[in-house]
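Inside the fold
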Amino acid sequence: MGTVIESSSASPDVRQGYIGTAVSAAQDCLARIGMHVQDVDLLINIGVFRGENIVEPAIASLIQQRLGMNPDPVGNEHLRRTSFSFDINDGECGFLAAASVVDAFLKSGAAKHALIVAGDVHPSESDHPGFPFR
């Protein structure tokens with residue numbers, strides 16, 4: 001069986017900033033299919049335009065932290081697994097690259113569920129009429 005996209009979502013409220021927008025869309029996406037955030041094994045962030053031009057640390061880890069996605073499996077014996085997160089910066093091909101990586105993780109058995117996110121907002125995090133994302 002191939003990889004299946006079970007849900008997608010978008011958050012139009014860019015006032016939340018890059019991370020807040022990605023988190024809001026991720027929460028909605030998971031709620032649509034009744035999946036708990038703790039069941040996600042892999043989080044990949046693919047955004048290009050980052051709030052405040054943050055590059056490091058990896059934005060995926062900040063999104064993972066805000067989602068509360070298995071943040072400290074060593075310090076919390078109740079967590080069932082560790083979630084792995086990282087960024088893929090591949091411009092307009094970011095989603096395709098991430099989907100390919102997810103497919104490899106799923107086929108190898110290293111992950112059961114993955115989440116691909118982006119929170120593209122203007123780096124100044126304010127409205128700009130010429131910015132191509134809404």
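Describing the side chain of D41
In this structure, D41 sits in the loop between α1 (17–32) and β1 (42–45). Side-chain polar atoms of D41 contact the backbone nitrogen of K112, separated by 2.6 Å.

Comments concerning the confidence of the model for the protein chain
In the predicted model, the protein chain carries a mean pLDDT of 83, and the fraction of residues at 70 or more is 84%. When mean pLDDT is taken per element in the protein chain, β1 scores highest with 95 and strand β2 (residues 84–87) scores lowest with 90.

A short note on the sheet that holds strand β3 (residues 114–117)
Judged by pairing direction, the sheet is parallel, and its three strands sit side by side in the order β2-β1-β3 without closing on themselves. Each edge of the sheet is formed by a strand with only one pairing partner; in this case those strands are β2 and β3. Here the strands of the sheet are splayed against their neighbours by 15° on average, with no regard to which way each runs. Two elements, β1 and β3, share four bridges in a ladder whose sense is parallel. From the neighbouring strand, I44 faces β3, where its bridge partner is I116. In the packing of α1 onto the sheet, the strands contacted are β1 and β3, and the crossing angle to β3 comes to about 140°.

So, the packing of aromatic side chains
On inspection of all chains with the given rule, the structure shows two aromatic pairs. When the centroid spacing of 5.3 Å and the interplanar angle of 50° are considered together, the rings of F84 and F86 count as tilted. Assessed through its relative accessible area of 46%, F84 is described here as partly exposed. Among the aromatic residues, those joined into a cluster by ring pairs are F84, F86 and F105.

The rules behind these values
- Residues numbered from 1 in each chain as written.
- Predicted model: local features only at pLDDT ≥ 70, side-chain atom pairs only at ≥ 80, totals over all residues.
- Heavy atoms only, no water.
- Helix = DSSP H or I, 4+ residues; strand = E, 2+ residues; numbered from the N terminus.
- Polar contact = N/O pair within 3.5 Å; in protein donor to acceptor, adjacent residues only side chain to side chain.
- pLDDT = per-residue confidence, 0-100.
- Pairing = 2+ DSSP bridges.
- Axes fitted to C-alpha atoms, helices over the stretch in contact; angles between N-to-C directions.
- Contact = heavy atoms within 4.5 Å.
- Phe/Tyr/Trp six-rings, centres within 6.5 Å; stacked < 30°, edge-to-face > 60°.
- Buried < 20%, exposed > 50% of the residue type's maximum accessible area, 1.4 Å probe, protein only.

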